[in-house]
Amino acid sequence: MTDAGATEIPIGSGDDVVRVRQAVREAAGAAKLSLVDQTKIVTAASELARNTLIYGGGGHARVERVDSGLGRAGIRILFADEGPGIPDLDLALTDGWTSGNGLGLGLSGARRLVDEFSLDSAPGAGTRITVVKWGR
Amino acid sequence: METKQDAAAQGAIAELLRRRRDDVLGRWVAIIAATVQGRITERELRAETAELFELAVRVAEEGPRGAAADELRGALGDLSRSRARQGFSPTEIAVSVFALKQALYENMEGGDTDEQAAYRQFIEFSAVMDDLGLHTFETYAAAREQVIADQAESLLELSTPVVKLWEGIVAVPLIGTLDSARTQVVMETLLQTLVDTGSEYAVIDITGVAAVDTEVAQHLLKTVVAARLMGAECVISGIRPQIAHTIVTLGIEFGDIVTKATLADALGYALEHRGVVLGEKRER
Ligand SMILES: Nc1ncnc2c1ncn2[C@@H]1O[C@H](COP(=O)(O)OP(=O)(O)OP(=O)(O)O)[C@@H](O)[C@H]1O
Ligand SMILES: [Mg+2]
């Protein structure tokens, strides 16, 4: 896989979440994702960026274009924070479970919205989530 | 106008910068690092500062009108733009420049003649004035930002009109990117309008919305519940295919909330429930 110019966006406020969303939409459009896939990856990014802000205490997102080598383009987004981490991954990924006052659907829903999802987190060690959405 | 003495002094600075490159550069990086505190990696900072350093040495040789000065201005422009996007303050950015003076000053081999003592005092005083100058700049930037924030806020209110469609029926067309602040304003305005107009039906049209995530959905759901408590019913219209897909995949349930494909359908629904019968004009 090769990448063509990654954009790094700090996440420290609600405005930054909007910025991440815009950057993802732009990248998804450039990678020629379908309208449905664009909307899905933008929505997933919105969820993960907001979790980074609210639970991770802020961090950053890294948006980049990826190529499968088989002529398929996609976009990959990394979300990283140095927050408290997620103590119980299964619980956090359970539909409807929230430690705050959300719907508890952001994390699990984001996983369903993307093609690849990897979560790396431990108590006290922050959280890193990488998602990839491929064009058809 | 350049005198011979100036030229000689310039040459001396350039020579000093070259001779003590590693010390001065190291110190320069350290001062910037202390200000930006981990928001840029040490390696990145070192690389970009080294580049600036080479240009600064050339500027010291060529003076402020040479090609190097143009190049340095360009490089600093790029750096400022990227730092600004990363959320650095003007002072934190300007330090990248001013800190070289400090770094060089600390690396000057000084004697202790009266002249040199006076010179050192002048440098210290100059540093104080630089700080004050930055302070005025920082204050100016903060004032400008406040103006922009105020404008954004008033735009926020302007862009969320609640319109009356019929006696007892109001509608709010949501457009663009919905952040939390905006959704909140829209929903509050809608509830207030329901009260003010005594309306029983509210149509929330999301045709123009780019994405509905759990936060937007939660605001929508809360508004519907609040409207119900006030005796009004909300109808959500304009859920486009890609949004419907996403909402379903996310797992959001709209429960028994009435949804309609278009604003017109929603209006039809509300009219019907209010007992308004519209007749088609008969063809002659
Ligand atoms: N970056 C993170 N750092 C620490 N904890 C996290 C992080 N992201 C998610 N979590 C934990 O996982 C839980 C589930 O997250 P999820 O996004 O599914 O729900 P939510 O944010 O609470 O509500 P919603 O996203 O539906 O509005 C959160 O309540 C939080 O406890
Ligand atoms: Mg969430």
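First things first, this report covers the structure right here in the doc. Since we're looking at a predicted model, the values are computed, not measured.

**Describing the pattern of salt bridges**
- In total, this model carries 28 salt bridges over all chains according to the counting rule given.
- Put simply, Arg62(A) and Glu64(A) hold a salt bridge, and the shortest N to O gap is 3.9 Å.
- The partly exposed category is assigned to Arg62(A), whose relative accessible area is 29%.
- The partner of Asp130(B) in a salt bridge is Lys101(B), and the shortest N-O contact between them spans 2.6 Å. Taken together, the positions of Asp130(B) in helix 6 (residues 114–158) and Lys101(B) in helix 5 (residues 90–106) put the pair 29 residues apart, joining distant regions of the chain.
- Note on Asp130(B): relative accessible area 18%, which makes it buried.
- Taking the relative accessible area as the measure of exposure, Lys101(B) reaches 42% and is therefore partly exposed.
- Overlapping salt bridges bring together Arg21(A), Glu47(A), Arg50(A), Asp213(B) and Glu215(B) as one network.

**Description of unusual backbone geometry**
Residue and element names in this part refer to chain A.
- The phi angle at Lys32 is positive, at roughly 65°, despite the residue not being glycine.
- With respect to the helices, strands and loops of the structure, Lys32 is situated in the loop between helix 1 (14–30) and helix 2 (35–54).
- Exposure remark for Lys32: the relative accessible area of 71% places this residue in the exposed category.

**Let's talk about the interface of chain B and chain A**
- The partner chain A presents 24 residues to the 21 residues of chain B that form the contact.
- Taken together, the two surfaces of chain B and chain A that pack against each other cover about 1,800 Å², and 60% of this comes from carbon and sulfur.
- Looking at the side of chain B facing chain A, the largest losses of area belong to Gln242(B), Thr249(B) and Leu250(B), adding up to 28% of the total buried there.
- The tally of links between chain B and chain A comes to three salt bridges.
- Arg50(A) is paired through a salt bridge with Asp213(B); the nearest N and O atoms lie 2.6 Å apart.
- There are eight residue pairs in polar contact (both at pLDDT 80 or more) connecting chain B and chain A.
- Elements represented by at least two residues in the side of chain B that touches chain A include exactly helix 8 (214–229) and helix 9 (241–250) of chain B.
- In terms of residue count, the dominant contributor to the side of chain B that touches chain A is helix 9 of chain B (six residues).
- When its residues are assigned to classes, the side of chain B that touches chain A shows eight nonpolar, nine polar and four charged.

**As for the side chain of Thr249(B)**
- Within the fold, Thr249(B) resides in helix 9.
- Judged by relative accessible area, which is 18%, Thr249(B) ranks as buried.
- A polar contact of 2.8 Å, which involves the side chain of Thr249(B), links it to the backbone oxygen of His245(B).
- Excluding its chain neighbours within four sequence positions, the residues that come into contact with Thr249(B) are Lys40(A), Gly109(A), Arg112(A) and Leu113(A).

**Concerning the side chain of Ser199(B)**
All names here are of chain B.
- Relative to the helices and strands, Ser199 is located in the loop between helix 7 (180–197) and strand 3 (201–209).
- Separated by 2.7 Å, the side chains of Ser199 and Thr197 make a polar contact.
- In contact with Ser199, other than residues within four places in its own chain, are Gly168, Ile169, Val170, Leu194 and Ala232.

**Quick word on the pairing of strand 1 (residues 163–166) of chain B**
Residue and element names in this part refer to chain B.
- As paired elements, strand 1 and strand 2 (residues 169–176) share three bridges and run antiparallel to each other. In the sheet register, Lys164 faces strand 2, and the bridge partner there is Val170.
- Count of turn residues in the strand 1/strand 2 antiparallel hairpin: two residues, of which Gly168 carries a positive phi of about 85°.

Criteria and cut-off values
Residues numbered from 1 in each chain as written. Chains lettered and ligands numbered in written order. Predicted model: local features only at pLDDT ≥ 70, side-chain atom pairs only at ≥ 80, totals over all residues. Heavy atoms only, no water. Salt bridge = Lys/Arg side-chain N within 4 Å of Asp/Glu carboxyl O. Buried < 20%, exposed > 50% of the residue type's maximum accessible area, 1.4 Å probe, protein only. Helix = DSSP H or I, 4+ residues; strand = E, 2+ residues; numbered from the N terminus. Contact = heavy atoms within 4.5 Å. Buried area = accessible area lost by both parts, 1.4 Å probe. Polar contact = N/O pair within 3.5 Å; in protein donor to acceptor, adjacent residues only side chain to side chain. Nonpolar A, V, L, I, M, F, W, Y, C, P; charged D, E, K, R; others polar. Pairing = 2+ DSSP bridges.

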